[in-house]
Amino acid sequence: MSQQLQSRRLRQPIVVVLGHVDHGKTTLLDKIRGTAVVKKEPGEMTQEVGASFVPTSVIEKIAEPLKKTFPIKLEIPGLLFIDTPGHELFSNLRRRGGSVADIAILVVDIVEGFQKQTYESLEILRSRKVPFLVAANKIDRIPGWKPIDTYSLLESIKSQRKDVQTQLDNYVYRLVGQLAELGFNADRFDRIRDFTKTVAIVPVSAKTGEGIAELLALLAGLTQNYMKTKLRFAEGPAKGVILEVKELQGLGYTIDVIIYDGILKKNDTIIIGGLNGPIVTKVRSILVPKPLQDIKVVKTDLTQIDEVYAAAGVKIYAPELENALAGSPLFVAENEQQVEEYKKIIQEEIASVKYYNANI
Ligand code: GDP
C-alpha cells in the first residue's frame, strides 16, 4: 500500500456524513462500505479503525457507466469515510482553524426536505469551512419510482416515467430553494458548470444503490480537482486527531486516531492532549482490523502493523493513555525541541477540547 500511495503522491480525502436523524446516514455508509467490500480487488484493504477505505479501483468500477458524462482520471488512492455519522464525532475531527474532514456529505431525505439537524449540520460545516455536497436520499420513495439494478442515477432516471422525473425535479428544486435561503447556490450535479460556486445535489437511494456511482465519482473528482494542495502527501512525521479513547480488555487504554498527514511508525514519540495537560508517550503498537470478507462482522479482531501512511484510521496502544482526550491533536516529535513545540501547541488547543469532553 505504501508504494502505491507514494507513487500517486496524493492522500485519500477524508469524508464525513452529516444530516438529520433517520434521513439515512447509516444506511448510506453501509451501502458504500458494502459495495467497496464486494467490488475491491483481492488483497485490497477496506477496513480501518473508525473509518472505511474505498479504493480507487472500486470507484472506477462503479463509475464505469459514467465515463462519457464524467471523464475523470483518478490520481487519489481512494476515499476514506469516517464510520460514525453525525455531529458528535464530527466535533472530534477538529484541526487548527478547521476540520480534518476534507469534504462532507449532507444527507437529506428528499421527501422530508430540510429538518432541524440538517440546518445544524450546515451551520457546523460552514463554521469549520468544510465543503459539502448534498445526497438527496430515498428517491425510491418518490411515488411511482421503479428501482432498477444500477448504481447510476442518470441511467435509472432514463427508465422512470415522465411524471416521476418531474416529481424528482420538484423535490430537487425545493432543496435548491432551502439552500438558497441559507445563502448557498445549489443545483442538481449534472446541471452545474462551476463546482467551486455551486453546491452539488445528488439524488440517491441508500436502499437500492441508485446514485451511489455519481456520489462517489463526484466526491473523488471534486476533492482531487480542487484540493490538490491539501491532499499532497507529506512524507514527514504523522499528524492526527484522537477520535476516541477506549479501554481494551487485557491491553489497557488505547486511542483511535485518524492520521491525516505523514507517516506513523511503531516506537514514535507522540504528543497528545490529556486531562491534566499534554502527554508525551511512545507508540507500542499500531493496530488495524484483520482483513474481513464480511462487513457485518464486528471490527474487533485486530492485527499489528509497523507503520501507516496518511490518511488512515488506526488504534494506538501506548503507556499513559488513560487521561487522553478525544478531539485532541496528535503529533509525532523527532527530537526534544519538537516535543516542547508540540506541547505548547497542544496546551493552546486543549482548552476548547476539554470543554467539549466535559459536555458529553
Ligand atoms: P440515520 O439516522 O440518518 O442514520 O438513518 P438510517 O440510516 O438509520 O435510516 C433511517 C430509516 O430510513 C431506516 O429505516 C432505513 O432503512 C431507511 N432508509 C434509509 N435510506 C433509505 C432509502 O434510500 N430508501 C428507503 N426507502 N429507506 C431508507
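Provided above is the structure to which this section pertains.
None of the values given here were measured: they were computed from a predicted structure.

Draft legend 1. Broad picture of the pattern of salt bridges. All told, the structure shown has 20 salt bridges when counted by the stated rule. Arg96 is the partner of Glu349 in a salt bridge, and the nearest nitrogen-oxygen pair spans 3.1 Å. Highlighted residues: Glu349 in helix 10 (residues 336-358) and Arg96 in the loop between strand 4 (94-95) and strand 5 (98-99), separated in sequence by 253 residues. Taking the relative accessible area as the measure of exposure, Arg96 reaches 54% and is therefore exposed. Across the pair Asp109 and Arg141 runs a salt bridge whose closest N-O atoms are separated by 3.3 Å. Remark: Arg141 occurs in the loop between strand 7 (132-137) and helix 6 (153-158) and Asp109 occurs in strand 6 (residues 103-109); sequence separation between them is 32 residues. Of the residues examined, Arg141 reaches a relative accessible area of 47% and is grouped as partly exposed. Among the ionic contacts, a cluster of salt bridges with common partners joins Asp169, Arg188, Asp190 and Arg191.

Draft legend 2. Molecular detail of the sheet that holds strand 3 (residues 78-82). Spatially, the seven strands line up as an open sheet ordered 2-3-1-6-7-9-8, and their pairing is mixed. Sheet topology places strand 2 (51-55) and strand 8 (186-188) at the edges, where each strand pairs with a single neighbour. Within this sheet the neighbouring strands show an average axis-to-axis angle of 30°, counted without direction. In this sheet, strand 7 lies alongside strand 6 in parallel orientation, the contact comprising six bridges. Across the sheet, the residue bridging to Ala104 is Phe132, located in strand 7. In this fold helix 7 (residues 162-181) packs onto strand 6, strand 7, strand 8 and strand 9 (199-203), with an angle of close to 165° to the strand it touches most, strand 8.

Draft legend 3. The arrangement of the site of the ligand in detail. Near the ligand there are 15 residues, and of these Asp22, Lys25, Thr26, Thr27 and Asp140 occur at the shortest range. Within the backbone of His23, a nitrogen or oxygen atom sits 3.4 Å from an oxygen atom of the ligand. The separation between an oxygen atom of the ligand and a polar side-chain atom of Asn137 is 3.1 Å. Protein contact buries 72% of the 580 Å² of open area that the ligand shows by itself. Per-element accounting of the shell around the ligand gives the leading share, three residues, to helix 2 (residues 25-39). A class-by-class count of the residues in the shell around the ligand yields two nonpolar, seven polar and six charged.

Thresholds, definitions, all that
- Residues numbered from 1 in each chain as written.
- Predicted model: local features only at pLDDT ≥ 70, side-chain atom pairs only at ≥ 80, totals over all residues.
- Heavy atoms only, no water.
- Salt bridge = Lys/Arg side-chain N within 4 Å of Asp/Glu carboxyl O.
- Helix = DSSP H or I, 4+ residues; strand = E, 2+ residues; numbered from the N terminus.
- Buried < 20%, exposed > 50% of the residue type's maximum accessible area, 1.4 Å probe, protein only.
- Pairing = 2+ DSSP bridges.
- Axes fitted to C-alpha atoms, helices over the stretch in contact; angles between N-to-C directions.
- Contact = heavy atoms within 4.5 Å.
- Near = heavy atom within 4 Å.
- Polar contact = N/O pair within 3.5 Å; in protein donor to acceptor, adjacent residues only side chain to side chain.
- Areas by Shrake-Rupley, 256 points an atom, 1.4 Å probe, with all protein chains shown as cover.
- Nonpolar A, V, L, I, M, F, W, Y, C, P; charged D, E, K, R; others polar.

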